[in-house]
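Listed below are the residues making up each chain.
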Amino acid sequence: FDPRGVELATLDLALAGYTEETGPLFARELAMRVRALPGVENATIAAMLPLAMGGLGLGGLSLPGTDPQQSSIDADWNVVEPHYFATLRTPILRGRDFADTDRAQSQRVAIHNETLPRRLCPGQDAIGKALVQQTDADSTRTLTIVGVARDSKYRTLGEAPRNFIYVPLQQQYTSRLTIVARSTHGQRLAGDIRSLLASMSSNLPIISARTLEESSAIALLPQRIAAAASGCLGIVGLLLAAIGIYGVTAYLVTTRTREIGIRMALGAERGDVLSMVLRQGMKLVAIGIAIRALLAPGATRLIPGLLFGIGPADPIAFVASAALFSAIGLIACYLPARRATRIEAAEALRAE
């Protein structure tokens, strides 16, 4: 999903006296009127938000003809209005989105993610098939799958793939809902949504108003702390490496002062001396890069839960970090090498 430019406004329709009969109708009209506001690209209503660090349980799922008590699997649920996937820009891979015709009196439908059929009916395409929802110990409902949505992160960024299923609000009512509106140019929409809600139901308060980026910030906090800490450690390590290479190269230049003086007295150019010292220093850099190339792939496999959008052995990251280390090493070697070219032959011969 794309959290940028998405405005949220959380409501509880029960606070204004809406019931299971009147609540879905009000929610449908509210979503339609929010979509008609100036500056709104798309809008919907949902019970749960991605990366909200919580889940909604509406019962287990099983295949028709099986014992729900024996074959049921757990899943997280979300209750949404049409346009939910388009508003969050979550791709529907197969099938369709919920439609205005998916109402309480029509056939009950659902959309699941990619993970759920792998657990419930491996190797089968669930589009058009039925699933049994175990609402309580003695009650079940039959849901027809009409779409497959791409896997997402639902509770936290570091979670394993979860079974997830979406159902339409008109068929599975819940009173606590959130307006989800995507703006056309990233502008805030809280004022317009508040005014619209006041004109439709003056006694219905907005419990909270925020953006989706603000809502998901808490769930991203552990990864951001880890990124900041590892980034600081990386910078310190890079500085220590640069200081170490500089110190060793400077020491080598000092110990070879007489040799450098003899070379220059015999006609060596300053460029030759510079090249000689740089070669020595960059050998240390090359050894460090070689050791890193051997150890880093194994080390990164210990932290896959902190890697997002990149694999443990991503070639671009490895090449880029090696290039950065080489550049830092070259600078650390160049400073003492440049000083070596300024050595006067007569002074160098008197150094010992």
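The rules we used
- Residues numbered from 1 in each chain as written.
- Predicted model: local features only at pLDDT ≥ 70, side-chain atom pairs only at ≥ 80, totals over all residues.
- Heavy atoms only, no water.
- Buried < 20%, exposed > 50% of the residue type's maximum accessible area, 1.4 Å probe, protein only.
- Helix = DSSP H or I, 4+ residues; strand = E, 2+ residues; numbered from the N terminus.
- Arc of directions from axis to C-beta.
- Salt bridge = Lys/Arg side-chain N within 4 Å of Asp/Glu carboxyl O.
- Expected span 1.5 Å × (residues − 1).
- Bend = angle between axes of the 7 residues up to and from the residue.
- Contact = heavy atoms within 4.5 Å.
- Pairing = 2+ DSSP bridges.
- 1 Å grid on protein atoms, 1.4 Å probe; cavity = no way out; pocket = protein on both sides within 12 Å on 5 of 7 lines; lining within 4 Å.
- Points joined across faces, edges and corners; volume = space filled by probe spheres on them.
- Nonpolar A, V, L, I, M, F, W, Y, C, P; charged D, E, K, R; others polar.

(A) Geometry of helix 7 (residues 257-265). Those residues of helix 7 that sit buried are Thr 257, Ile 260, Gly 261 and Met 264. Viewed along the axis of helix 7, the buried residues span an arc of 100°, placing them on a single side of the element. Of the residues trailing helix 7, Gly 267 is marked for its positive phi of about 110°.

(B) Inspection of the pattern of salt bridges at higher detail. Enumeration according to the criterion identifies 12 salt bridges in this entry. A network of salt bridges, in which partner residues are shared, links Asp 2, Arg 4, Glu 41, Arg 89 and Arg 182.

(C) Helix 6 (residues 212-255), seen in detail. Here helix 6 spans 62 Å end to end across 44 residues, near enough to the 64 Å set by a 1.5 Å rise per residue. Taken as a whole, helix 6 carries its principal kink of about 55° at Ala 219; the proline Pro 222 stands between one and four residues after it. Among the residues of helix 6, Leu 212, Ser 215, Ser 216, Ala 219, Leu 220, Gln 223, Ala 242, Ile 245, Thr 249, Ala 250 and Val 253 are the ones counted as buried. Of the surrounding elements, those touching the buried residues of helix 6 are strand 1 (6-12), helix 3 (84-88), strand 11 (208-211), helix 7, helix 8 (270-300) and helix 9 (315-340).

(D) Structural detail: the pairing of strand 4 (residues 76-80). Of all the 5 residues making up strand 4, 5 are buried; the element is thus mostly covered by neighbouring parts of the structure. The side-chain alternation of strand 4 yields two buried faces, one formed by Asp 76, Asn 78 and Val 80 and the other by Trp 77 and Val 79. Bridge count between strand 4 and strand 9 (residues 164-168): 5 bridges; the pairing is parallel. When the sheet's bridge partners are listed, Trp 77 is paired in strand 9 with Ile 165.

(E) View of the pairing of strand 7 (residues 130-136). Alignment of strand 3 (residues 60-62) against strand 7, held across 3 bridges, turns out to be antiparallel. Bridging across to strand 7, Ser 62 finds its partner in Val 132. Across 6 bridges, strand 7 lies against strand 8 (residues 139-149) in antiparallel orientation. The partner of Val 132 across the bridge, within strand 8, is Thr 142.

(F) Representation of empty space enclosed by the protein in the model. For the structure shown, the criterion picks out 2 cavities of 30 Å³ or more. In this structure, the largest cavity encloses a volume near 130 Å³. Looking at the largest cavity, it is lined by 19 residues, and the ones nearest its centre are Leu 49, Pro 50, Tyr 84, Tyr 154 and Phe 164. Listed by contribution, the elements that provide at least two residues to the lining of the largest cavity are strand 4, helix 3 and strand 9. Looking at which element gives the most residues to the lining of the largest cavity, the answer is strand 4, with 3 residues. Partitioning the lining of the largest cavity into residue classes produces 11 nonpolar, 5 polar and 3 charged. Lining the second largest cavity we find Arg 108, Val 109, Gln 133, Leu 143, Val 167, Pro 168, Gln 171 and Gln 172. Tallied by class, the residues present in the lining of the second largest cavity amount to 4 nonpolar, 3 polar and 1 charged.

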